[in-house]
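So you can see what is in the structure, the chains are spelled out below.
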Amino acid sequence: MLSILSAVAVAVTLVVVPATRPAPVPLIIDTDICAAVDDVPALAMANLMHSRGEAKLLGVMVDTRGEAGAAAVDVVNTHYKHPDIPIGALKPTDGSTCEQFAHNYAPELGKKFPHDLRGGSAAPDATALYRELLAAQPDRSVVVVSLGSTTNLRNLLDADANLVRRKVSRLVVMGGQYPRSTTEPEFNFALDPAATTRVVHDWPTPVVFSGGELSVSFGKRIAGAGPVTETFRIGFGAGVDGELWDVLPLYYAVHGGEHFTEVRGGSNRIGAGGANEWVSPATRDHAYLTLVTGTPDMARIIEDMLVSAA
Ligand SMILES: [Ca+2]
């Protein structure tokens, strides 16, 4: 009898203990899509990870004020079969079409690929959408990945810092240089220096920075008919590798430290114009990333992911 009970207990145990698979990482991306090409492959990666069950892409916030950015985000999400992922935009929008930026790919994506979000003015306000998405999530669960300016994040912090403290597990930021910015502030931190100061000094959860010194180069193997290929063709030229930053913090945000070291023992401090410096000892829960895996290998890992679904 005892052995039968034991057998039943073992059988039940086998049934109720599933193979352990990490839960999808709940993700919100904040992007300056329009400004540089690398937000497009980063957003494509997030969509691929969403399809694989590695991430749950809750929403995408656009922090450029033109019309074309939100439509370009919808192009990428639609291409990867997630046409209804919520998209918020920094308000007020200014009616521009990203023409102030060097690689004017975003309006081209809108012309060439299916999507149904007309532009930034048709998208909900980013701060309101952040609050709605965060409020619906479990406490300390959401990873926010900042790939552009910190303007939306500053607005969110001003609106409801307590919600951020409750719902966000950590903020991953492409911005700054480590251990310090050199002759000029890093691009993203310089987009809105006052917002950068507020967010870096006051964000109430752990923050991990991926600096301007961390980049990979790839692109020429991406040859499908989708928006990543088109973006690279406009930004880099067909069959040419280009330098990319945003793909690294995005990869890290979902796959954690597998290919990265988190450098701790200090905090990020923002100075004039978005200049930054890593200052010890730590006064905030900050870390910055270095690559464990060599940059050519890291480039290949990410490029392989995108080649498989370009
Ligand atoms: Ca970016």
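Residues numbered from 1 in each chain as written. Predicted model: local features only at pLDDT ≥ 70, side-chain atom pairs only at ≥ 80, totals over all residues. Heavy atoms only, no water.

S.K.: Just checking my understanding: could you explain the environment of Ser215 for this structure?
M.R.: Position of Ser215 relative to the elements: it lies in the loop between β6 (207-210) and β7 (216-218). The class of Ser215 is buried, set by a relative accessible area of 15%. With residues near it in sequence (within four places) discarded, Ser215 still touches Glu243, Leu244, Trp245, Leu248 and Thr295. Polar side-chain contacts of Ser215 include one of 2.6 Å to the side chain of Glu243. (Helix = DSSP H or I, 4+ residues; strand = E, 2+ residues; numbered from the N terminus. Buried < 20%, exposed > 50% of the residue type's maximum accessible area, 1.4 Å probe, protein only. Contact = heavy atoms within 4.5 Å. Polar contact = N/O pair within 3.5 Å; in protein donor to acceptor, adjacent residues only side chain to side chain.)

S.K.: For this particular structure, what's the right way to read the packing of helix α2 (residues 39-52) against helix α3 (residues 68-79)?
M.R.: If you want to describe how two helices pack, look at the angle between their axes and the distance between the axes. Here α2 crosses α3 at 40°, and the two axes come no closer than 9 Å. Considering their axes alone, α2 and α3 lie oblique with respect to each other. The two elements α2 and α3 cross, and the hand of that crossing is right-handed. Between α2, through Val40, Leu43, Ala44 and Asn47, and α3, the contact on the second element is made entirely by Val73, Val76 and Asn77. The residue makeup of the contact of α2 with α3, split by class, is five nonpolar, two polar and no charged. (Axes fitted to C-alpha atoms, helices over the stretch in contact; angles between N-to-C directions. Parallel < 35°, antiparallel > 145°, perpendicular 65-115°, else oblique. Left-handed = near helix turned anticlockwise from the far one by under 90°. Nonpolar A, V, L, I, M, F, W, Y, C, P; charged D, E, K, R; others polar.)

S.K.: When you look at the packing of helix α4 (residues 105-112) against helix α9 (residues 227-235) in this model, what are you seeing that I'm missing?
M.R.: Where α4 contacts α9, the axes come no closer than 10 Å and their chain directions differ by 140°. With respect to α9, the axis of α4 lies oblique. In this structure, α4 crosses over α9, and the sense of that crossing is right-handed. Between α4, through Tyr105, Glu108, Leu109 and Lys112, and α9, the contact on the second element is made entirely by Pro227, Glu230, Thr231 and Ile234. Class assignment for the residues of the contact of α4 with α9 results in four nonpolar, one polar and three charged.

S.K.: Help me out: how do you make sense of the coordination of the calcium ion in this one?
M.R.: Donor atoms from the polypeptide that bind the calcium ion are Asp32 (OD), Asp39 (OD), Asp39 (OD), Leu147 (O) and Asp246 (OD), placed at 2.3 to 2.6 Å. Here the donor residues of the calcium ion are spaced in sequence according to D-x6-D-x107-L-x98-D. Highlighted residues: Leu147 in the loop between β4 (142-146) and α6 (151-167) and Asp246 in the loop between β8 (242-244) and α10 (247-255), separated in sequence by 99 residues. Under the relative-accessibility criterion, Asp246 is labelled buried at 2%. (Donors = N, O, S within 2.8 Å, 3.2 Å for Na, K, Ca; no water.)

So far we have only geometry, and geometry alone does not tell us how the molecule works.
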